[in-house]
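Letter by letter, the chains look like this.
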Amino acid sequence: MFCEKAVELIRELQRTNDGQLPAFNEDGVRQVLQEMEALYEHNQTDVNETKSDGRGDLLPSIRLRHCCLLRNQRCVAAYLYDRLLRIRAVRWEYGSVLPANVRFHMSAEEVGRLAALGSTGRPPSWLTCRRRAQVQWFARYKKSLASFMRSLGAGGGLDVTQDMKAPKSLYVQVRCVKDHGELEMDDGTLVLLKKNSQHFLPRWTCEHLIRQGVLEHVVS
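Note that this is a predicted model, so its numbers are computed, not measured.

J.: I keep staring at the pattern of salt bridges and nothing clicks. Help me out?
T.: A side chain of one charge can pair with a side chain of the opposite charge if their charged atoms are brought near each other. A full pass over the atoms with the stated rule returns 6 salt bridges. The closest approach of N and O atoms between Arg15 and Glu8, which form a salt bridge, is 2.7 Å. When the shortest N-O distance is used, the salt bridge between Arg30 and Asp27 registers 3.2 Å. Pair noted here: Arg30 and Asp27 are both in helix H2 (residues 26–53), with a separation of 3 residues, about one helical turn. Here Arg30 falls in the partly exposed class, since its relative accessible area comes to 31%.

J.: Would you explain the layout of surface pockets in this entry?
T.: Summary: where empty space remains is shown by rolling a probe the size of a single water molecule over the atoms. The computed volume of the second largest pocket comes to approximately 170 Å³. Residue lining of the second largest pocket: Asp159, Gln162, Leu183, Glu184, Asp186, Trp204, Thr205, Cys206, Glu207, His208, Leu209 and Gln212, and that is the complete set. Tallying contributions element by element places helix H7 (residues 203–211) first for the lining of the second largest pocket, with 6 residues.

J.: Can you walk me through the nonpolar core in this structure?
T.: Considering soluble globular proteins, one finds that nonpolar side chains tend to be buried as a cluster. By size, the foremost hydrophobic cluster in this structure holds 15 residues, and its most contacted members are Leu9, Phe24, Val29, Val32, Tyr79 and Leu80. Counting only elements with at least two residues in this core, the list comes to helix H1 (4–15), H2 and helix H3 (59–94). Among the elements that line this core, the one with the most residues is H3, at 6 residues. By size, the runner-up hydrophobic cluster in this structure holds 12 residues, among which are Val172, Val174, Met185 and Leu193.

J.: I would appreciate a short explanation of the environment of Asn25 in the present structure.
T.: Its place among the elements puts Asn25 in the loop between H1 and H2. Here the alpha-carbon distance between Asn25 and Glu12, two residues 13 residues apart in the chain, equals 9.1 Å. When residues no more than four places from it in sequence are discounted, the contact partners of Asn25 are Leu9, Glu12 and Tyr79. Of the polar contacts made by the side chain of Asn25, one reaches the backbone nitrogen of Gly28; its length is 2.8 Å.

J.: Help me understand the packing of aromatic side chains, please; the structure alone is not making it clear to me.
T.: Describing an aromatic ring pair means giving the distance of the ring centres and the angle of the ring planes. Throughout the structure, instances matching the rule amount to 2 aromatic pairs. Ring plane angle 50 degrees and centroid distance 6.0 Å describe the contact between Phe24 and Tyr79, whose orientation is recorded as tilted. Here Phe24, found in the loop between H1 and H2, pairs with Tyr79, found in helix H3; they are 55 residues apart in sequence, far enough to count as distant. You'll find Phe24 and Tyr79 in the same group, each marked buried. Judged by centre distance (5.5 Å) and plane angle (25 degrees), the ring pair of Tyr171 and Phe200 falls under stacked. Of this pair, Tyr171 sits in strand E1 (residues 171–176) while Phe200 sits in strand E4 (residues 198–202), and the two are 29 residues apart along the sequence.

J.: Explain the packing of H1 against H2 here, please?
T.: Packed helices, taken two at a time, are described by the angle between their axes plus the distance between the axes. One can describe the packing of H1 onto H2 by two numbers: an axis separation of 8 Å at closest approach and a directional angle of 150 degrees. Between H1 and H2, the angle is such that the two are roughly antiparallel. In the packing of H1 onto H2, the handedness of the crossing is left-handed. Between H1 and H2, the residues in contact are Lys5, Ala6 and Leu9 and Gly28, Val29, Gln31 and Val32, respectively.

J.: How should the pairing of E1 be read in this particular structure?
T.: Here is the key point about a regular strand: its side chains alternate between the two faces of the sheet. Judged by which residues are buried, E1 turns out to be one-sided: Val172, Val174 and Cys176 face inward and are buried, whereas Tyr171, Gln173 and Arg175, on the alternate face, are not. Two elements, E1 and E4, share 5 bridges in a ladder whose sense is antiparallel. Along E4, the bridge assignment pairs Arg175 with Gln198. Pairing of E1 with strand E5 (residues 215–217) involves 3 bridges; the strand directions are antiparallel. Its bridge partner lying in E5, Cys176 is registered against Leu215.

Parameters and conventions
Residues numbered from 1 in each chain as written. Predicted model: local features only at pLDDT ≥ 70, side-chain atom pairs only at ≥ 80, totals over all residues. Heavy atoms only, no water. Salt bridge = Lys/Arg side-chain N within 4 Å of Asp/Glu carboxyl O. Helix = DSSP H or I, 4+ residues; strand = E, 2+ residues; numbered from the N terminus. Buried < 20%, exposed > 50% of the residue type's maximum accessible area, 1.4 Å probe, protein only. 1 Å grid on protein atoms, 1.4 Å probe; cavity = no way out; pocket = protein on both sides within 12 Å on 5 of 7 lines; lining within 4 Å. Points joined across faces, edges and corners; volume = space filled by probe spheres on them. Core = buried A, V, L, I, M, F, W, Y, C linked by side-chain atoms within 4.5 Å. Contact = heavy atoms within 4.5 Å. Polar contact = N/O pair within 3.5 Å; in protein donor to acceptor, adjacent residues only side chain to side chain. Phe/Tyr/Trp six-rings, centres within 6.5 Å; stacked < 30°, edge-to-face > 60°. Axes fitted to C-alpha atoms, helices over the stretch in contact; angles between N-to-C directions. Parallel < 35°, antiparallel > 145°, perpendicular 65-115°, else oblique. Left-handed = near helix turned anticlockwise from the far one by under 90°. Pairing = 2+ DSSP bridges.

Put into structure tokens, the structure is as follows:
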């Protein structure tokens, strides 16, 4: 049945929790585009036959396929737009440095594929361009957000992604989940973040590291 693949793309997003970025469903989008191409070509054939032979009985089928084309188009646009909203939310949740699994879902196999295409000289497919556009859009959004934050606080800058919820205390006890190296405090002090070490740090200096899984909050 027409539009089933397109509707499945929307259902896939509905099954994914808010704040999560699912892997880009390249096969699903490709199948929808192939169906749209087949519907368009079939309609073109029937339209030409209607004009040349006066086949008015083909008009209902033409209208049906045209409605299916529009529905597929809306579903694909909604799928891509929803992913952009999720990518934007990811920046606020994790900061400028994204976890490996999130980066993978944004551009899985893309770097190698683009390198291979560059070596063969063949132009990238529409789907590859869409996936690359998502990564580029995130980079532009990250840059725009950084410029906006630098302009706040009388030129001193203000990180508006910190303290999304009002904190109960300004300092927090944290434990290192993995080795991360040195972390520089606002006063220039260096704190070595070594696996299993515990620290009492200002919340604003370690909130992003908690989100990224480098640190974990120790509840006393």
